Amino acid sequence: MIIDDDPASGNYGYPIASSQVGIIGKTLPDWTGGLTNTLSYKGITLSATLYTKQGGEIWNGTKGALTFFGRSKLTENRGENTVFEGVAGHVDQDGNIITTGATNSTEVALDQAWYQGNGGGFGSVSKPFMEDGSFIKLRELSLTYSLNTKWLKKTIFQSVDISFIGRNLWLKTDYTGVDPETSLTGASNSQGMDYFNMPSTKSYGVKLNVNLDRKSTRLNSSHTVISYAVFCLKKK
């Protein structure tokens with residue numbers, strides 16, 4: 001990183017932003033995977049589905065905006081002095097970076113001008129707000145009870161199952177935004193952008209699954225499945 005060593009510059013002592021537009025990260029994960037584990041015992045079935053995405057970066061625009069307005073944790077040190085790590089240099093009249101390779105030693109303030117410039121989310125530098133989007137999520141957890149078929153012999157039912165289902169109940173991630181699965185533009189080709197987005201929704205539900213016996217109900221099919229589910233949504 002090149003730190004401006006020109007005393008006549010208004011950016012003296014602060015990092016010099018590159019004039020070139022370049023790639024600062026990739027949104028595509030290195031790999032994704034899922035695992036479903038089901039345990040059954042005497043009519044009770046417990047099933048859990050884990051989903052993971054490893055790799056891929058997200059632009060945390062929410063943090064950038066909050067930093068600009070002095071509302072993020074990053075700005076707790078505002079007013080303090082610091083020395084940016086890097087080598088001293090400056091931009092000449094032709095727009096070229098000139099540096100001797102000497103280590104920067106200029107102390108500057110982390111003030112409002114810094115955080116509302118390149119130190120915040122509305123400056124010309126986006127790299128500080130790029131974060132790893134890796135996560136592990138408990139996608140679904142369900143507990144199902146199946147009535148004993150012996151109890152149903154003299155009824156019109158072949159089977160009756162009742163399930164309690166929860167979705168998006170647990171998340172492990174180092175991403176500091178609301179949710180590493182969020183997307184500013186929805187299901188489009190533009191991914192990896194978080195700007196005051198909504199997180200995924202936790203949901204809790206009850207599902208009743210009934211199989212009707214054809215002989216008892218005079219239906220054409222061997223059996224008919226009737227399912228009814230009710231879900232309650234809760235924002236994270």
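Here, every reference points to the structure presented above.
About the thresholds
- Along each chain, residue indices are assigned from 1 in the same order as the chain's sequence is written.
- In keeping with the model being predicted, local features are shown solely for residues with a pLDDT of at least 70 and side-chain atom pairs are shown and tallied solely at 80 or more, while totals for entire chains, interfaces and linings include all residues.
- Each side-chain value is worked out from all heavy atoms of the structure, with water and hydrogens disregarded.
- Aromatic rings from Phe, Tyr and Trp, taking only the six-membered ring of Trp, are treated as a pair when their centres fall within 6.5 Å; an angle between ring planes under 30 degrees marks them as stacked, one over 60 as edge-to-face, and anything in between as tilted.
- Burial here depends on accessible area, computed with a 1.4 Å probe over protein chains only, as a share of the maximum for the residue type. Under 20% is buried, over 50% is exposed, and the range in between is partly exposed.
- Here, a charge over a ring is recorded when the distance from Lys NZ or Arg CZ to the ring centre is within 6 Å and its angle to the ring normal is within 35 degrees.
- When DSSP finds two or more bridges between a pair of strands, those strands are recorded as paired.
- Helix and strand assignments come from DSSP, with helices taken as H or I runs of at least 4 residues and strands as E runs of at least 2, each series counted from the N terminus.
- Here, two residues are considered to be in contact whenever any of their heavy atoms come within 4.5 Å of each other.
- Between N-to-C directions, angles cover 0 to 180 degrees, with each direction set by a line fitted to C-alpha atoms, over the stretch in contact for helices.
- Grouping buried Ala, Val, Leu, Ile, Met, Phe, Trp, Tyr and Cys residues that are joined through side-chain atoms within 4.5 Å yields what is termed a nonpolar core.
- What counts as a salt bridge is simple: a side-chain nitrogen of Lys or Arg found within 4 Å of a carboxyl oxygen of Asp or Glu.
- Within this analysis, patches are made of residues with over 30% relative accessible area and no salt bridge. Like charges are joined at 9 Å or less; nonpolar side chains (Val, Leu, Ile, Met, Phe, Trp, Tyr) at 5 Å or less.
- Using the Shrake-Rupley algorithm and a 1.4 Å probe, accessible areas are obtained, with residue cover drawn only from the displayed protein chains.

Focus on the packing of aromatic side chains
Within this structure, the stated rule accounts for 9 aromatic pairs. Taking 5.0 Å as the distance between ring centres and 90° as the angle between the ring planes, the aromatic pair formed by Tyr 195 and Phe 196 counts as edge-to-face. Classification of Tyr 195 as partly exposed rests on a relative accessible area of 31%. Here the aromatic cluster, defined as three or more aromatic residues joined through ring pairs, consists of Tyr 14, Phe 84 and Trp 114. The ring of Phe 135 has Lys 137 lying over it, and the distance from NZ or CZ to the ring centre is 5.6 Å.

Some details on the sheet that holds strand β4 (residues 57–60)
Taken in spatial order, the 3 strands line up as β9-β4-β12 in an open sheet, and their pairing is mixed. Strands with a single pairing partner mark the edges of an open sheet, and in this sheet they are β9 (130–132) and β12 (193–194). Sheet contacts for helix α1 (residues 61–68): β4, β9 and β12; angle to β4, the most-contacted strand, approximately 30°.

Description of the environment of Leu 28
By secondary structure assignment, the location of Leu 28 is in the loop between β1 (2–4) and β2 (31–41). Residues Leu 28 and Phe 122, 94 residues apart in the sequence, show an inter-C-alpha distance of 25 Å. With near-sequence residues (within four places) excluded, Leu 28 lies in contact with Gly 55 and Gly 56.

Description of the nonpolar core
By size, the foremost hydrophobic cluster in this structure holds 7 residues: Ile 3, Tyr 14, Phe 84, Val 108, Leu 110, Trp 114 and Tyr 115. Those residues in contact with Leu 110, other than ones at most four positions away along the chain, are Asn 77, Arg 78, Gly 79, Glu 80, Thr 82, Phe 84 and Tyr 115.

Points about the sheet that holds β1
Ordered by their spatial adjacency, 3 strands build an open sheet running β1-β6-β7, and the pairing between neighbours is mixed. Either end of the sheet is taken by a strand with one partner, and the two such strands are β1 and β7 (97–103). Strand-to-strand twist in this sheet, taken as the mean axis angle between neighbours without regard to direction, amounts to 40°. Relative to strand β6 (residues 87–91), β1 runs parallel, the two sharing 3 bridges.

Describing the pattern of salt bridges
If the charged atoms of two oppositely charged side chains come close together, the side chains can form a pair. Applying the stated criterion across every chain, the model contains 7 salt bridges. Close ionic contact of Lys 137 with Glu 181 constitutes a salt bridge, the shortest N to O distance being 2.6 Å. Here Lys 137, found in strand β10 (residues 135–146), pairs with Glu 181, found in the loop between β11 (157–173) and β12; they are 44 residues apart in sequence, far enough to count as distant. What makes Lys 137 buried here is its relative accessible area of 0%. For Arg 167, the salt bridge is made with Glu 140, and the minimal N-O distance between the two is 2.8 Å. One end of the pair, Arg 167, is in strand β11; the other, Glu 140, is in strand β10, with 27 residues separating them in the sequence. According to the relative accessible area criterion, Glu 140 is partly exposed, its value standing at 26%. Shared partners join several salt bridges into a network, and the residues in it are Lys 137, Arg 139, Asp 179 and Glu 181.

Looking at a nonpolar patch on the surface
Nonpolar side chains collect at one region of the surface, where Leu 39, Ile 44, Leu 46, Leu 143, Tyr 145, Trp 151, Phe 164 and Val 206 lie side by side and expose about 760 Å² of accessible area between them. Of all the secondary-structure elements, those providing two or more residues to the nonpolar patch are β3 (44–54) and β10. Within the secondary structure, Val 206 sits in strand β13 (residues 201–213). Judged by its relative accessible area of 35%, Val 206 falls in the partly exposed class.

Brief notes about the pairing of β10
In the sheet, β3 pairs with β10 via 10 bridges, with the strands oriented antiparallel. Its bridge partner lying in β10, Ser 47 is registered against Ser 142. Two strands pair when backbone bridges link them, and β10 and β11 are joined in this way by 11 bridges, in the antiparallel orientation. Paired with Ser 146 across the strands is Asp 161, a residue of β11.

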